[in-house]
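One-letter residues, chain by chain:
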Amino acid sequence: MFKKVLIANRGEIALRVIRACRDLGLRSVAVHSTADADSLHVRFADEKVCIGPPPARQSYLNIPALISAAEVTGADAIHPGYGFLAENAEFAEVVQKCGLHWIGPQPEVMRTMGDKVSARKAMEAAGVPVVPGSPIIETDKQAEAAIERIGFPVIIKATGGGGGRGMKIVEDKSRLFSQLAAARSEAQAGFNNPAVYMERYIGRPRHIEVQVLGDGQSALALGERECSIQRRHQKLIEEAPSVALDDARRIELLRVARKATAAIGYKTVGTLEFLLDENKQFFFIEMNTRIQVEHTVTEMVFGVDLVREQMRLAAGDPLHMPTEMRPRGHAIELRINAEDPVTFAPSPGTITALNLPGGIGIRVDTHIYAHYRVPPFYDSLLAKLVAHGDNRNVALARMRRALDEVVVEGIKTNCDLHRRVLNHPDFIGGRFDTHFLERL
Amino acid sequence: MSKRKAPVAAAKKSTSASREECACECQIVDLERLRELAEIATEFDLAEIELDACGGVRVVRRAAGAPAPVAAAPLPPPVHLAAPAEKAAKPAETGTLITSPFVGTFYRAPAPESPAFTDVGQTVRKGQVVCIVEAMKLMNEIESEFDGKVVEILVKNSEHVEYGQPLFRIEKA
């Protein structure tokens, strides 16, 4: 095991990693921009280094500054958190070339899984169902041939894209060619890469993902998470397990995910994301080669510290958990964001009063405190509110109670939006898909 | 770090008794009162004003030497004079800072045997190299952005520095 971990991130996830370091007896180094000097991760780490001015490009995305910070503090490992450089294979390579441990999967696996086309190919080869789709479409003739196999409706996606940008849905042939042309120019403008491909469009999918762990040889699927409550591909509420899967489907999904993870020789923790269609067929969409925001719900139902496992696996320890673990009860996570609950506009500023909930079954992961100034430079996540109970109803009741105890004054939060979702009969009844919030 | 030119007035409670422990009917020493006292201290070049527990002025000492009195005893934290007053008692800092443009290791000379680029009391010109910050095996020469005199070197040779950390205090010419 390494001795000192530099956390190349900020906010709640930096704090999460520092806590795991403490529990493992490792020293931690926080890095921060000048805008985050008063942040809790800076306060609670063993050492801290200011790496640059507020813009992320000059601080949290600044590879030379991060490596230099590791050098001057004598850190021997780097944890990237999520976002920023977490899925940047080049950074992972630089870290390793500098003789440091990279707390993540192998750079070549990151590269394969980071590209949608090569990821899809790798998953197909491992026997994972993928959404019927096409190779890169360059001509109208290729498009017609692809439609023969896939069938309408289709969605056009950019190979270099992400986060839902540059996607177009086509219902019938009349608009196919014009939409392909538009998607190409948008992809060129947005990602400097005009390559696009098509996939069957699933109208009312649920987003189900599987937490996986691997040691390079063997792999483990640690249950699923349902993340269908999202807005513009930004997840807002996640839960484990999913109410949409019966035992047979779940066993099949986890078996496929575990097999695929082993097949690519995956090391550390990751997530395979799937869409579940109305016929309960699941299709692989992408892999996240890092720890995820919503890893907490998996931790709650399995009683596992995923960040600790991630560090152990990065240090070369073998998987030591039993392959068949069963979740205990149900967990739900709400992402409390600094944003207007109606317009979703970000709401930075100073928190003038704060109360965070507690009590049985409640976990709060956050970097905020009273009088903390939410900087305008980074994402709007303020806190992750997690409720755990013996079953979904108990977890929901605890979550409603916890949400009512949340007091954040001085800035706007999306708490009211969460309240509306938690009290919605369709959410309570488990009848929802990824378009739930748009219809709310 | 920031420039503070006001000489420091030290208002000090002679006892550390909290308000509850105090037998007499205390007056709260508020910030307004402190500011008043600070102004008086400046005007009459006083180094210390001592207040008794009831807020009355008890002892006043005249500043001893010529230069502005530095670093009087920090205010005791209890009750009414907490955080803002502490700031007011920080030592005065003059001059302009040269700060580190990135994370790295600070070197005062181009090589271990070489003489330092500059030293306290020496003048520097705009564009003159004053130190090296090594980052990722690259030696980056740091230049002064103005003419002036080195008042203080704030980092020891081969110490680690972070982004924005003050390296030199320069009195601008």
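Residues numbered from 1 in each chain as written. Chains lettered and ligands numbered in written order. Predicted model: local features only at pLDDT ≥ 70, side-chain atom pairs only at ≥ 80, totals over all residues.

What to know about the overall build of chain A
Across its full length, chain A carries 15 helices and 20 strands. In terms of overall size, chain A behaves like a compact globule, its C-alpha atoms giving a radius of gyration of 22 Å where 440 residues would be expected to give roughly 22 Å. Buried residues in chain A amount to 49% of all 440 residues. Look at the contacts in chain A between residues 6 or more apart in sequence, and 65% of them connect residues 24 or more apart. (Helix = DSSP H or I, 4+ residues; strand = E, 2+ residues; numbered from the N terminus. Rg over C-alpha atoms; globule rule 2.2 N^0.38 Å. Buried ≥ 20, exposed ≤ 12 C-beta atoms within 10 Å, placed from the backbone. Contact = placed C-beta atoms within 7 Å.)

Description of unusual backbone geometry
All names here are of chain A. The omega angle of the peptide bond from F152 to P153 is -10 degrees, so this bond is cis rather than trans. Structurally, P153 can be placed in the loop between α7 (140-150) and β6 (154-158). Positive phi outside glycine occurs at F84, with the angle close to 40 degrees. Considering the arrangement of structural elements, one finds F84 in the loop between β4 (77-79) and α4 (89-97). Of note in the backbone geometry, F344 takes a positive phi value of approximately 65 degrees without being a glycine. Owing to 15 C-beta atoms within 10 Å, F344 belongs among the partly exposed residues under this scheme.

Some remarks on the sheet that holds strand β10 (residues 219-231) of chain A
All names here are of chain A. Here we have eight strands laid out as an open sheet, ordered β13-β12-β9-β10-β11-β14-β19-β17, and antiparallel in their pairing. A strand with exactly one partner marks an edge of an open sheet, and here the two such strands are β13 (282-288) and β17 (362-366). For this sheet, the mean inter-axis angle between neighbouring strands, taken without regard to orientation, is 25 degrees. Where strand β14 (residues 330-337) and strand β19 (residues 381-389) come together, eight bridges link them in antiparallel fashion. Opposite L334, over in β19, you have L385 as the bridge partner. (Pairing = 2+ DSSP bridges. Axes fitted to C-alpha atoms, helices over the stretch in contact; angles between N-to-C directions.)

Here's the deal with the domain arrangement of chain A
On domain assignment, one finds that chain A holds domain 1 (4-103), domain 2 (132-200) and domain 3 (206-439). Inter-centroid distance (C-alpha atoms) of domain 2 of chain A to domain 3 of chain A is 30 Å. (Domains from an automatic or database assignment.)

Digging into the packing of α4(A) against helix α5 (residues 107-114) of chain A
Residues and elements named next belong to chain A. Running from N to C, α4 and α5 point in directions that differ by 175 degrees, and their axes come no closer than 9 Å. In terms of their interaxial angle, α4 and α5 are classed as roughly antiparallel. Where α4 approaches α5, its residues A89, A92 and E93 are matched on the opposing element by P107, M110, R111 and G114. Here the residues of the contact of α4 with α5 are counted per class, giving four nonpolar, one polar and two charged. (Parallel < 35°, antiparallel > 145°, perpendicular 65-115°, else oblique. Nonpolar A, V, L, I, M, F, W, Y, C, P; charged D, E, K, R; others polar.)

Some details on the sheet that holds strand β10 (residues 160-161) of chain B
In a beta sheet, neighbouring strands are held together by backbone hydrogen bonds and run either parallel or antiparallel to one another. Residue and element names in this part refer to chain B. The strand order β8-β7-β5-β10 describes an open sheet built from four strands, whose pairing is antiparallel. Both edges of this open sheet fall to β8 (138-143) and β10, since each of them pairs with a single strand only. Relative to β10, strand β5 (residues 104-107) is paired through two bridges, and the arrangement is antiparallel. Counterpart to T105 in the pairing with β10 is H160.

Observations concerning the environment of A:R431
Residues and elements named next belong to chain A. Structurally, the position occupied by R431 is in the loop between α14 (425-428) and α15 (436-439). Owing to 12 C-beta atoms within 10 Å, R431 belongs among the exposed residues under this scheme. Residues R431 and E138, 293 residues apart in the sequence, show an inter-C-alpha distance of 39 Å.

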